[in-house]
Amino acid sequence: MREESLTLTDKLLNFIQTYNDWNSNQSETYETAFNRLALDMFKFQFKHNLPYKKFCQSKRRTPLTVKRWLDIPPMPIQGFKELTLTCEPVEAAEGVFMTSGTTNPEKKGCHYHPRFTTWDASMKGPYKQFVLPDREKITTFVLSPAADRNQHSSLSRYLSKSVEYFGTGKSQFFFNENGLDMEGFVSALRASEESKDPVLLIGATFSYVHILDYCRAHGLKFSLPIKSRIFDTGGFKGQSREVEMEQLYEDFHSFFDVPREWCINMYGMTELCSQAYDQTIRTNLLSGQSIRDKAGPAWFRTLVLDPNKLEPVEKGQKGVLAHFDLANWNSCLAILTEDLGYQTDNGFVLLGRVEGSEARGCSIAVDQLLQANK
């Protein structure tokens, strides 16, 4: 990597180390440090990421005019499908994550990673704080492909790292070349019931639909040990069936005896290096109250924008989500999603995808991006 990249990633790793604790983002010092690093990163990306530079210029935003992180132009996620968004050469990347292509299989978004050092650092601390705030290790049963089976999936890397960092020696992956190993999974759950050691079930949301179907068909129910927990991510976008999320969590309670406050949903995207989480487990342990609003680490900020003007709205007002992820040092730190939500005192609430007239602002931003890069 170029010397400039090494300097920037050192700053990022130092920021992650300094503000890794959940409560460290409340100070004025933090606000100043976040703004300074965001502006340094914007300057770096404006210089080395040509498609992004052209997009920013079309919006008359440059390092000379942008003085606050709030004013950094967010890249529409469509840009990851249409353009090569990287500061370091593609050929030198240690890895690339690709979107699933559920909207258009012929056009997948690519997110290049020169090194995984910062991605891993960004994942590790928040996972501990949101999923395992009360323990160092837990037996983890993974219900989606591991990284060696799907090397271009950010989720597969995430799941493999969760086992590497926080799984016990009894942790297992139950997804093989034939799909989910239902019999092996059932056997492992029965062993957990006998041992009384809590377990973590972790995987894509839709994996649980197949497992619940299997349990219904075979008349299976489990009573998992106290403090067992269930982690899902991804929702039902692009899947053949959809299930109401609250119904899914009721089924978790009914079939696995894991109550809602021990279930957690992770919000992540291929285009981001950091993740946001429900605060259910953490807040339940700290206060006995289970907060479901999503929150991310100190290096990850979210704005809710008016769908038409793409300007910030008041807290509580619905809009399209834009994320500012300092771990995205090699592509674009600011991302304009196609997700709808609103901000609360505790984080943000995800409502679903923008559709119809609500998608107008996103469409205009994509058009500006493509026009700027003709």
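Calculation rules
Residues numbered from 1 in each chain as written. Predicted model: local features only at pLDDT ≥ 70, side-chain atom pairs only at ≥ 80, totals over all residues. Heavy atoms only, no water. Helix = DSSP H or I, 4+ residues; strand = E, 2+ residues; numbered from the N terminus. Rg over C-alpha atoms; globule rule 2.2 N^0.38 Å. Buried < 20%, exposed > 50% of the residue type's maximum accessible area, 1.4 Å probe, protein only. Contact = heavy atoms within 4.5 Å. Lys, Arg positive; Asp, Glu negative; His and termini not counted. Charge placed at Lys NZ, Arg CZ, Asp CG, Glu CD. Core = buried A, V, L, I, M, F, W, Y, C linked by side-chain atoms within 4.5 Å. Polar contact = N/O pair within 3.5 Å; in protein donor to acceptor, adjacent residues only side chain to side chain.

Colleague: Would you take a moment to explain the overall build of the protein for this structure?
Modeller: Counting its regular elements, the protein contains 11 helices and 16 strands. The C-alpha radius of gyration of the protein comes to 21 Å, within 12% of the 21 Å expected for a compact globule of 374 residues. With the C-alpha coordinates of the protein rotated into their principal frame, the extents come out at 65 × 45 × 40 Å. Per-residue burial over the protein gives 54% buried out of 374 residues. Excluding contacts between residues fewer than 6 apart, the proportion of contacts in the protein whose partners are at least 24 apart in sequence is 68%. When the 43 basic and 46 acidic side-chain charges of the protein are each reduced to a single mean position, those positions are 5 Å apart.

Colleague: Even after reading the chapter, I still don't get the nonpolar core, so can you show me in this structure?
Modeller: Where a protein is soluble and globular, its nonpolar side chains tend to be buried together. Residues Ile72, Tyr127, Tyr158, Leu201, Phe231, Phe256 and Leu326 are the most contacted members of the largest nonpolar core, which totals 106 residues. Discounting chain neighbours no more than four positions away, the residues touching Ile72 are Ala38, Leu39, Phe42, Tyr52, Val66, Phe324, Leu333 and Ala334.

Colleague: Explain the environment of Ser5 to me, please; I cannot follow it from the model alone.
Modeller: With respect to the helices, strands and loops of the structure, Ser5 is situated in helix H1 (residues 3-18). Taking the C-alpha atoms as reference points, Ser5 and Arg301, separated by 296 residues in sequence, lie 22 Å from one another. Sequence-distant contacts of Ser5, defined by excluding residues within four places in its chain, comprise Phe44, Glu88 and Trp329. Among the polar contacts made by the side chain of Ser5, one reaches the side chain of Glu88 at a distance of 2.5 Å.

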